[in-house]
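# Chain and residue survey
As a plain string of letters, each chain reads:
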Amino acid sequence: MSTVKVTDDTFQADVLQSETPVLVDFWAEWCGPCKQIAPALEQLSDELAGKVTIAKLDIEQSPTTPSRYGVRGIPTMMLFKGGQMASMKVGAMPKQKILEWLAEAGVAA
């Protein structure tokens, strides 16, 4: 399973109404650190399939959702559980750190 693209229009259904936790990566095409973490997120979406959905939201194409959640810098990753933002990290992190963050937030690998 690869990462899922979400937009302002699909955020409610794909993220807030999801049965499983959703890690949303707020990113933009011009953002170097965003591109740096993309391969790790792709790998995690395969490794954690069924436990967490990895979604990507392009802040340029969908500006409403990032402003609603106070995204100021990218990459910003937010973990949503049961329709609520449960945890947030700003900045690029290696795959292992993302795994540790998810484990702390209650998403077991």
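About the criteria used
Residues numbered from 1 in each chain as written. Predicted model: local features only at pLDDT ≥ 70, side-chain atom pairs only at ≥ 80, totals over all residues. Heavy atoms only, no water. UniProt positions renumbered as here; feature names shortened; annotations may be inferred. Pairing = 2+ DSSP bridges. Helix = DSSP H or I, 4+ residues; strand = E, 2+ residues; numbered from the N terminus. Axes fitted to C-alpha atoms, helices over the stretch in contact; angles between N-to-C directions. Salt bridge = Lys/Arg side-chain N within 4 Å of Asp/Glu carboxyl O. Buried < 20%, exposed > 50% of the residue type's maximum accessible area, 1.4 Å probe, protein only. Core = buried A, V, L, I, M, F, W, Y, C linked by side-chain atoms within 4.5 Å. Contact = heavy atoms within 4.5 Å. Patch = residues over 30% accessible without salt bridge, like charges linked within 9 Å, V, L, I, M, F, W, Y side chains within 5 Å. Areas by Shrake-Rupley, 256 points an atom, 1.4 Å probe, with all protein chains shown as cover. Lys, Arg positive; Asp, Glu negative; His and termini not counted. Polar contact = N/O pair within 3.5 Å; in protein donor to acceptor, adjacent residues only side chain to side chain.

Labelled according to an unreviewed UniProt entry, the chain appears under the name Thioredoxin, originating from Phenylobacterium kunshanense. Regarding the chain, the UniProt comment filed under Sequence similarities (unreviewed entry) reads as follows: "Belongs to the thioredoxin family."

### Things to note about the sheet that holds strand E1 (residues 4–6)
Hydrogen bonds between backbone atoms are what pair the strands of a sheet, whose relative direction is either parallel or antiparallel. Spatially, five strands are ordered E1-E3-E2-E4-E5 in an open sheet, and the strand pairing comes out mixed. Strand pairing shows two members of the sheet lacking a second neighbour, E1 and strand E5 (84–90), which therefore form its edges. Between one strand axis and the next, the sheet turns through 30° on average, direction left out of account. Across six bridges, the pairing between strand E2 (residues 22–27) and strand E3 (residues 53–58) is parallel. Of the residues in E3, the one forming a bridge with Leu 23 is Ile 54.

### With respect to the pattern of salt bridges
One pass over the full model with this rule turns up four salt bridges. One salt bridge connects Lys 35 with Glu 29, and the closest N-O pair in it is separated by 3.4 Å. Residue class for Glu 29 comes out partly exposed when judged on its relative accessible area of 48%.

### So, the nonpolar core
Residues Phe 11, Val 15, Val 24, Phe 26, Ile 74 and Phe 80 are the most contacted members of the largest nonpolar core, which totals 17 residues. When contributions to this core are tallied by element, the ones reaching two or more residues are helix H1 (11–16), E2, E3 and strand E4 (76–81). When residues of this core are assigned to their parent elements, the largest contribution, four residues, is made by E2. Among residues more than four places away in sequence, those in contact with Phe 26 are Cys 34, Leu 57, Ile 59, Thr 65, Pro 66, Val 71, Ile 74, Pro 75, Thr 76 and Met 78. Listed in part, the 16 residues of the second largest apolar core include Leu 41, Ile 54, Met 77 and Val 107.

### Here we look at a nonpolar patch on the surface
A contiguous nonpolar surface patch, about 270 Å² in accessible area, is contributed by Met 85, Met 88 and Val 90. Along the chain, the position of Met 88 falls in strand E5.

### Describing the side chain of Asp 58
By the element assignment, Asp 58 lies in strand E3. Buried and unpaired, Asp 58 has Lys 5 as its nearest opposite-charge partner, separated by 6.8 Å. Within the structure, the side chain of Asp 58 is placed 2.8 Å from the backbone nitrogen of Glu 60, a separation counted as a polar contact. If sequence neighbours within four positions are ignored, Asp 58 has contacts with Val 6, Trp 27 and Ala 28.

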